[in-house]
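Fold and geometry: a report
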Amino acid sequence: MQFALTASGLRLRQFFGLTKPRVVSLIVFCATIGMLLATPAMVPPPGLLAAAVVGIWLVAGSAAAVNCLVEQKTDAVMTRTRGRPLPRGEITQLQTLVFALVVGGSGLALLYFEVNELTMWLTMATFVGYAIVYTVILKPMTPQNIVIGGASGAMPPVLGWAAVTNDVSFQALLLFLIIFAWTPPHFWALALYRKLEYAKAGVPMLPVTHGDKFTRLHVLFYTFILVAVTMLPYATHMSGLIYVVSAIALGGVFLYYAFRIYRDYSDRLAQTTFRYSILYLTLLFAALLLDHYFTF
């Protein structure tokens, strides 16, 4: 009996691993921030909030599983991904496909019946954008895969906003724009210190096709764009002093790392910048939320 329970638990962890839980947790966090920012009251109705969070999580996890399925061979030759369930042979391709269909379909149904139709369609479009357009078409074809494909990754706060308001306002689009501008320096910092692995896997990431110096310049350039974009919520009176002070401070640190990457590159610095970029986005959106509730 104990052995059966242990085996079942291991199997669940393997399928859970297909959903890229760390990535999906950031997606759900950004979607939740979108829901809270769209609500004049303290919080949205608990039932709506729960249904939207679970629905978005399920569809995002399904998209991640499809990504794992498509990139199985690529993942097998890269250090950071070869421990995933598919490259290790722990789960078959058919099992992954069925899992993705069931989980994704459940998430879309939950959004349609318990949230609203607009959120369901936007979430489905995000799924297609990531699982098909980015993973199948853009990533193996162009070094601008991150820039173009970043549109799907920037959608979570829009989904959250639509879940509450059944609309997409300019405020939701500003949140989209922030993540869209954040994506290139975030991923190119990773690509710089993983360049040899991407080259071995045949993925045309920017450092592979255009070299380190060109990529380092683009990390700096897009970080400037990001910092400028993060001023828009304050400029449009969407947020107040708490947010803008936080955005300036967080952006200053990001620019510091980007300058150092450009002038004094090391793999360790790129790793630090990549990790900071995740913390940066989390704290930036947390500052937006704090400002929403305690506006000066």
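This section reports on the structure supplied with the text. Quick caveat: nothing in here was measured; it's all calculated off a predicted structure.

Take the packing of aromatic side chains next. A complete count under the given rule lists 13 aromatic pairs for this structure. Ring geometry for Phe-16 and Trp-57: centres 6.1 Å apart, planes at 15°, overall stacked. Of this pair, Phe-16 sits in helix H1 (residues 2-18) while Trp-57 sits in helix H3 (residues 46-70), and the two are 41 residues apart along the sequence. When its relative accessible area of 27% is taken as the criterion, Trp-57 is described as partly exposed. Seen from their ring centres, Phe-254 and Tyr-280 are 5.1 Å apart, and the 70° between their planes marks the pair as edge-to-face. Here Phe-254 is found in helix H14 (residues 241-263), whereas its partner Tyr-280 is found in helix H15 (residues 267-293), with 26 residues between them in sequence. Of the residues examined, Tyr-280 reaches a relative accessible area of 0% and is grouped as buried. Among the aromatic side chains, those forming a connected cluster through ring pairs are Phe-254, Tyr-256, Tyr-257, Tyr-276 and Tyr-280.

Here the focus is the packing of H3 against helix H6 (residues 117-138). Each pair of packed helices can be described by the angle between their axes along with the distance between the axes. Close contact between H3 and H6 brings their axes to 10 Å; oriented N to C, the two are set at 15°. Compared by their axis directions, H3 and H6 come out roughly parallel. The crossing of H3 and H6 is right-handed. Counting all contacts with H3, which are made through Ile-56, Val-59, Ser-62, Ala-63, Ala-64, Val-66, Asn-67 and Val-70, the residues of H6 involved are Thr-123, Phe-127, Tyr-130, Ala-131, Thr-135 and Val-136.

To continue, consider a nonpolar patch on the surface. Taken together, Val-70, Val-128, Ile-132, Val-133, Val-136, Ile-137 and Met-141 make up a surface patch of nonpolar side chains, about 550 Å² in accessible area. At five residues, H6 tops the list of elements feeding residues into the nonpolar patch. Following the sequence through the fold, Val-128 ends up in helix H6.

Summarising the element assignment, Glu-71 is placed in the loop between H3 and helix H4 (72-76). A residue is classified by how much of its surface remains accessible, and Glu-71, at 7% relative accessible area, is buried.

So, about the pattern of salt bridges. On inspection of all chains with the given rule, the structure shows five salt bridges. Close ionic contact of Arg-84 with Asp-75 constitutes a salt bridge, the shortest N to O distance being 3.2 Å. As far as the burial class goes, Arg-84 and Asp-75 line up, both buried. Arg-88 is the partner of Glu-90 in a salt bridge, and the nearest nitrogen-oxygen pair spans 2.8 Å. Residue classification places Arg-88 among the exposed positions, given a relative accessible area of 54%.

Moving on: the side chain of Arg-216. Within the fold, Arg-216 resides in helix H12 (residues 212-229). Look at Arg-216: it is buried, it has no salt bridge, and the nearest opposite charge is Asp-212 at 5.3 Å. Beyond its immediate chain neighbours, meaning those up to four positions away, Arg-216 contacts Leu-192, Ile-261, Tyr-262 and Tyr-265.

A word on the environment of Leu-190. If you trace the backbone, Leu-190 turns up in helix H9 (residues 170-193). Setting aside chain neighbours within four positions, we find Leu-190 in contact with Arg-80, Tyr-198 and Phe-274.

The rules behind the values
Residues numbered from 1 in each chain as written. Predicted model: local features only at pLDDT ≥ 70, side-chain atom pairs only at ≥ 80, totals over all residues. Heavy atoms only, no water. Phe/Tyr/Trp six-rings, centres within 6.5 Å; stacked < 30°, edge-to-face > 60°. Helix = DSSP H or I, 4+ residues; strand = E, 2+ residues; numbered from the N terminus. Buried < 20%, exposed > 50% of the residue type's maximum accessible area, 1.4 Å probe, protein only. Axes fitted to C-alpha atoms, helices over the stretch in contact; angles between N-to-C directions. Parallel < 35°, antiparallel > 145°, perpendicular 65-115°, else oblique. Left-handed = near helix turned anticlockwise from the far one by under 90°. Contact = heavy atoms within 4.5 Å. Patch = residues over 30% accessible without salt bridge, like charges linked within 9 Å, V, L, I, M, F, W, Y side chains within 5 Å. Areas by Shrake-Rupley, 256 points an atom, 1.4 Å probe, with all protein chains shown as cover. Salt bridge = Lys/Arg side-chain N within 4 Å of Asp/Glu carboxyl O. Lys, Arg positive; Asp, Glu negative; His and termini not counted.

Without other data, these values stay purely geometric and don't point to any function.
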